[in-house]
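Overview (structure and organization)
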Amino acid sequence: MSAHDTPDIRRHMEWLAAQGVDVVRVTYPDLIGTDRARDVLVDHLPSACDHGLAFCKAVYHTSPQGDVVPVAGGLDAGLPDVTVRPDLSTLTVLPWEPGVATCLGEVTEPVAGAPAAESPRDLLRTVLARCAEHGLRPVVGPELEYFLLEPAPGSPTGWRRAPETTGAVYTAGLRADPGNHLLRTLRNLRDLGIGAIAGNHEFDGGQYEINLTHSHALDAADRSFRFKAAVKELARLEGRLATFMAKPFGDAGGSGFHLHLSCEHADGSIAFDDPTGTYGLSAIARHAVAGVIAHAPALAALANPTVNSYKRFGPDTLAPWLIDWGLDNRSAMVRIPPERGSGARLELRLGDASANPYLLIAGTVAAALLGVQAGEEPPAPLEGYGYDTGKAAVLPTNLPAALDALETDTALTGQLGEGFTTSFLTYKRNEAERFGRHVTDWEFIEYAYHL
């Protein structure tokens, strides 16, 4: 039976017709979490489900500037294909693009039919399957920050913050958002159905944060991926740029990607809460914290995946650069919010907004699971204001160091798989090498006149 004849495809085709949709945009995340896509006319959607859409596998190995990085299985193999099939369970109409719906794509190797090793969505599935073997189902609540920019011809980058208002920390309304960007974005995200719940102007001019509701980990990653793509697309509609770059300006703070992580038992009961346990946390929760602490240096490669990421760190930045945890302490890398019961959770504050949601969640869950398997207790929690190197070890301070930490953490890479790890390390080391050869404006200003 072809896809044309199945009740499922007929049901979706009828729904699309009723919505006035004639194009379906099939999207999937690449290695760095940006969206790759193809628009499919609805009449040809059954064929796309039957046979899949062919993409060059090297899309996973392509830099943001369009260069193909020599990762094994790409250039060396003659640039073979991967097959992408629409996941119709994720269909939703794009509120801002009439006649267009979008769905996620499932990526497989065309011959074996197995998931592609570089597929971030399938990597997360693999980690979650290991959790299920231990009777645990991770739940994640994402928090993402970004900067909104407007064209600034003649400036070094061509962009400036929109607006450049300072001092309007944690506000909403026209005071810091005179163009009502946040309201329009929230309403469009609501109509997209990805679980946006609230937003505000953040610390710096042109910086915003939008919170997404919590859900099971794969769904949370899907929604975070779609959220980032949607915010960027909505900004483009207005001739602006929304960037999730970790630290786009030297005189401003960076943008974070905080994860709230909890777990359910297989029967749906809360796994992190225990009124009789130390700190009101279950042994599973404390072991999970210990696992994240133990694997934090390697986790940094996934949570802080760019050269720019490490410029977000430093004293008094409110971005964690030491390996510690605390009870309702925002100066710690891992914060335990004060809620217990169904709200018992940990908050990993390490990630920056440039992180691939699938990889950040997969790495965090894998580290937590390793902690549960090891059954160890975390060190004493941080008391008072952190950022004291006498109290805690320092995280990697640059991308090469983080990649080295990931490579040597064989327990964590064992959870992530050899195929993914090799591709990720090769791709990211190439990025670091290219940056190392680039002459920056700072170097010219610093040295050219005097040396």
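Quick caveat, the model's predicted, so the values are computed rather than measured.

1. A look at the sheet that holds strand S3 (residues 53–56)
- One open sheet accounts for five strands, arranged S2-S1-S5-S4-S3; its pairing is mixed. Since the sheet does not close on itself, it has two edges, and those belong to strand S2 (35–41) and S3, each with one partner. Along the sheet, successive strands turn relative to each other by an average axial angle of 40°, direction set aside.
- In this sheet, S2 lies alongside strand S1 (residues 23–29) in antiparallel orientation, the contact comprising seven bridges. Its bridge partner being in S2, Val-23 is matched across the sheet by Leu-41.

2. Notes on the packing of helix H6 (residues 283–294) against helix H7 (residues 296–303)
- One can describe the packing of H6 onto H7 by two numbers: an axis separation of 6 Å at closest approach and a directional angle of 75°. Taken as axis vectors, H6 and H7 run roughly perpendicular relative to one another. In contact with Val-292, Ile-293 and Ala-294 of H6, H7 contributes Ala-296, Pro-297 and Leu-299.
- Per-class residue counts for the contact of H6 with H7 are six nonpolar, no polar and no charged.

3. What about the side chain of Glu-209?
- Take Glu-209: it is sitting in strand S9 (residues 207–212).
- Apart from residues lying up to four places away in sequence, Glu-209 is in contact with Glu-143, Leu-144, Glu-145, Ala-198, Gly-199, Asn-200 and Glu-202.

4. What about the UniProt feature "domain: GS catalytic" (unreviewed entry) in the chain?
- Within the UniProt annotation, "domain: GS catalytic" (unreviewed entry) is assigned to residues 120–451.
- Overall, residues 120–451 shows 39% helix and 16% strand. The separation of its end C-alpha atoms is 47 Å.

5. Concerning the domain arrangement of the chain
- Examined at the domain level, the chain breaks down into domain 1 (20–124) and domain 2 (129–416).
- Between the C-alpha centres of domain 1 and domain 2 there is a distance of 26 Å.
- Taken together, the contacts link 24 residues of domain 1 with 22 residues of domain 2.
- Note on domain 1 versus domain 2: buried area summed over both sides is about 1900 Å², and carbon and sulfur give 68% of it.
- Sorting the residues of domain 1 by area buried against domain 2 places Trp-96, Leu-123 and Leu-124 first, and these three jointly supply 39% of that buried surface.

6. Some points on the nonpolar core
- Phe-227, Met-333, Val-334, Leu-346, Leu-348 and Phe-424 are the most contacted members of the largest nonpolar core, which totals 101 residues.
- No other element matches the twelve residues that helix H8 (residues 357–374) contributes to this core.
- In contact with Met-333, other than residues within four places in its own chain, are Val-292, Ile-293, Ala-296, Pro-320, Leu-322, Ile-323, Asp-324, Glu-347, Leu-348, Arg-349, Leu-350 and Leu-395.
- In this structure, Val-40, Leu-45, Ala-101 and Cys-103 belong to the second largest nonpolar core, which totals 23 residues.

7. Notes on helix H1 (residues 7–18)
- Here H1 contains twelve residues, and its C-alpha end-to-end distance of 16 Å stays within 8% of the 16 Å for a straight helix at 1.5 Å per residue.
- By the burial criterion, the buried members of H1 are Ile-9, His-12 and Leu-16. All buried residues of H1 fall inside an arc of 65° around its axis, so they share one side. Opposite the packed face of H1, turned more than 90 degrees from it, sit the exposed residues Pro-7, Glu-14, Ala-17 and Ala-18.

8. Quick word on the pairing of strand S8 (residues 196–201)
- Relative to S9, S8 runs antiparallel, the two sharing five bridges. Bridge pairing links His-201 to Tyr-208 in S9.

9. Remarks on a nonpolar patch on the surface
- There is a patch of nonpolar side chains on the surface, built from Val-68, Leu-75 and Leu-79 and spanning about 220 Å² of accessible area.
- Mapped onto the elements of the fold, Leu-79 is located in the loop between S3 and strand S4 (81–93).
- Leu-79 gets classed as partly exposed once you look at its relative accessible area, which sits at 38%.

10. Let's talk about the environment of Arg-349
- Structurally, Arg-349 can be placed in the loop between strand S15 (346–348) and H8.
- Setting aside chain neighbours within four positions, we find Arg-349 in contact with His-258, Arg-312, Leu-318, Pro-320, Arg-330, Ala-332, Met-333 and Arg-335.
- Of the polar contacts made by the side chain of Arg-349, one reaches the backbone oxygen of Arg-330; its length is 3.2 Å.
- In terms of polar contacts, Arg-349 uses its side chain to reach the side chain of Glu-347, at 3.1 Å.

Criteria and cut-off values
Counting from 1, residues in each chain are numbered in the order their sequence is written. For this predicted model, a pLDDT threshold of at least 70 governs which residues receive local features, and a threshold of 80 or more governs which side-chain atom pairs are given and counted, while totals over whole chains, interfaces and linings are taken from all residues. The side-chain figures draw on all heavy atoms in the structure; neither hydrogens nor water molecules are used. Strands were regarded as paired on the criterion that DSSP finds at least two bridges between them. Starting at the N terminus, helices and strands are each numbered in turn, a helix being any DSSP run of H or I of at least four residues and a strand any DSSP run of E of at least two. Angles run from 0 to 180 degrees between N-to-C directions of axes, and those axes are lines fitted to C-alpha atoms, restricted for helices to the stretch in contact. Angles are sorted into four bins: roughly parallel if under 35 degrees, roughly antiparallel if over 145, roughly perpendicular if 65 to 115, and oblique for all others. Should any heavy atoms of two residues lie within 4.5 Å, those residues are counted as being in contact. Note on residue categories: nonpolar means Ala, Val, Leu, Ile, Met, Phe, Trp, Tyr, Cys or Pro, charged means Asp, Glu, Lys or Arg, and polar means any other residue, Gly included. UniProt positions are given in the numbering used here, feature names are shortened, and annotations may be inferred rather than shown by experiment. All domain edges in this entry derive from an automatic or database-based domain assignment. Put simply, buried area is the surface a 1.4 Å probe can reach on two separate parts but cannot reach once they are joined, added for both. Each nonpolar core is a collection of buried residues, namely Ala, Val, Leu, Ile, Met, Phe, Trp, Tyr and Cys, held together in the definition by side-chain atoms within 4.5 Å. Exposed residues in this analysis have more than 50% of their type's maximum accessible area, buried residues have under 20%, and partly exposed residues fall in between, with area computed by a 1.4 Å probe over protein chains only. Each helix should span, by expectation, one fewer than its residue count multiplied by 1.5 Å. Working definition: the arc comes from the directions between the helix axis and the C-beta atoms, pointing outward to the latter. Patch definition: residues above 30% relative accessible area lacking any salt bridge, with like charges linked at up to 9 Å and the nonpolar side chains Val, Leu, Ile, Met, Phe, Trp and Tyr linked at up to 5 Å. All accessibility values rest on the Shrake-Rupley procedure with a 1.4 Å probe; residue burial counts only the protein chains present in the view. Throughout this description, the term salt bridge denotes a Lys or Arg side-chain nitrogen within 4 Å of a carboxyl oxygen of Asp or Glu. Counted as a polar contact is a pair of N or O atoms within 3.5 Å, where, for protein atoms, one must be capable of donating a hydrogen and the other of accepting one, and residues adjacent in sequence contribute only when both atoms are in side chains.

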